[in-house]
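A closer look at the structure
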Amino acid sequence: MPFSADTIAAQKVQEHLKSLYQMVHEIEKKRQTSEQGINNVVKFQSGQDEKSGQHYQMKLKSLYKTSISHAEQEEDLLRQALQKIAEIRNIKNERRIQARNAGNKESIRRGTWMKMLLSSAQTLPLFVGKIDEKPPPLCGAIPADPGYIAKVGDMVAALVKIPDGDGENWILAEVFSYNHTANKYEVDDILAEQNQKGRHTLSKRGVVPLPLMRANPETDPSALFPQGTVVMALYPTTSCFYKGIVNKPPATHTDEYEILFEDATYPEGYSPPLYVAQRYVIAIKQKTKQA
């Protein structure tokens, strides 16, 4: 009897989880070894009365090299573990897309869906570069390359016509397909999909890919929008992007942007500071008419 797609996906996830479990144990071993190496260096340094001898210098150099080697091995295992986690996320997303294409749509309440979007943004992979490695495109505020095509299932900001209106608005959407001949996307409104409404066909210039990784403010501050930058940001508890100003960028990798949204109902013309995750803050594209 052939395995179902769900069974195959579950097996892949189990395999990745087993590998991840083994890596966690390997990382712990390497960490203990690294700590022991550091302790050896400290003991050796403190136990020597004459520290200018050739033997002392050679021994100390050897201990340093060993400690560095163990630390590099630990780093490599950590990166492998993070890759396994990313692969598990991809498997889950692929199964969701396959189920959607097969017509199996889950009925999810709006509040629950909003919590899922927030969780997705908070758990977006964090870019951890090596020495002198610069953040890649679609990390934090760094835009996609001009020729980049968003993949099926990716989150994007999409410029669509306002229902029963004469304007357009940027909404949070998911890529359904891309026609290379016509250079057009088919995207689904994140919330409209839950109501089984039709999808939108848009030109490439009407679709902005969202970040695929978070930037770490402590190591890559240049990959974030600085204070005072005019941006488009997802207004909290909605699926629409509106114009705003960065009041305060994230200070740590777990922080969100503090955004002042344009709002004529306030005397200053801006809303009080609202918090928006990195994934939902992008460069301003053009003026939009709010519904």
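Sequence positions are assigned chain by chain, starting from 1 and proceeding in written order. At least 70 in pLDDT is required for a residue's local features to be given in this predicted model, at least 80 for side-chain atom pairs to be given and counted, and no such filter applies to totals for whole chains, interfaces and linings, which use all residues. Just so you know, side-chain values use all the structure's heavy atoms and leave hydrogens and water out.

So, on to the overall build of the protein chain. Secondary structure elements are taken from DSSP: a helix is a run of H or I of four residues or more, a strand is a run of E of two residues or more, and numbering for both begins at the N terminus. Secondary structure assignment for the protein chain yields three helices and ten strands. In the protein chain, the succession of α and β elements from N to C terminus is α-α-α-β-β-β-β-β-β-β-β-β-β. Classification of residues uses two cut-offs on accessible area relative to the type maximum, computed with a 1.4 Å probe and protein chains only: under 20% is buried, over 50% is exposed, and between them is partly exposed. Burial statistics for the protein chain: of 291 residues in total, 36% are counted as buried. We call two residues in contact whenever any of their non-hydrogen atoms come within 4.5 Å of each other. The long-range fraction of contacts in the protein chain, counting pairs at least 24 apart against all pairs at least 6 apart in sequence, stands at 59%. Per-residue accessibility takes into account occlusion by the displayed protein chains alone, with areas from the Shrake-Rupley method and a 1.4 Å probe. With the model as given, the accessible surface of the protein chain reaches about 17900 Å², and the carbon-plus-sulfur share is 53%.

Note that Ser-239 resides in the loop between strand 6 (230–234) and strand 7 (240–248). Using a relative accessible area of 9% as the deciding quantity, one classes Ser-239 as buried. Sequence-distant contacts of Ser-239, that is, excluding residues within four places in its chain, are made with Met-114, Trp-170, Ile-171, Leu-172, Asp-189, Leu-191 and Leu-234.

Turning our attention to the pattern of salt bridges. We define a salt bridge as a contact between a side-chain nitrogen of Lys or Arg and a carboxyl oxygen of Asp or Glu at a distance within 4 Å. Under the defined criterion, the tally for this structure stands at two salt bridges. Two residues, Asp-188 and Arg-199, come together in a salt bridge whose shortest N-O distance is 2.9 Å. With a gap of eleven residues between them, Asp-188 in strand 3 (residues 184–189) and Arg-199 in the loop between strand 3 and strand 4 (200–203) connect regions that are remote in the sequence. Its relative accessible area of 5% is what places Asp-188 among the buried residues.

Structurally, Pro-125 is set in the loop between helix 3 (110–122) and strand 1 (155–161). The class of Pro-125 is partly exposed, set by a relative accessible area of 31%. Between the alpha carbons of Pro-125 and Leu-212 there is a distance of 7.3 Å; along the sequence they are 87 residues apart. For Pro-125, the contacting residues outside a window of four places in its chain are Arg-89, Leu-212, Met-213 and Arg-214.

As a further point, take the side chain of Asn-216. Mapped onto the elements of the fold, Asn-216 is located in the loop between strand 5 (207–209) and strand 6. Polar contact is defined as a pair of N or O atoms within 3.5 Å, subject to the rule that within protein one atom must be able to donate a hydrogen and the other to accept it, and that residues adjacent in sequence are counted only when both atoms are side-chain atoms. Polar contacts involving the side chain of Asn-216 include one to the main-chain amide nitrogen of Glu-218, which spans 3.0 Å. Apart from the residues within four sequence positions on either side, Asn-216 is in contact with Leu-126, Phe-127, Pro-221 and His-253.

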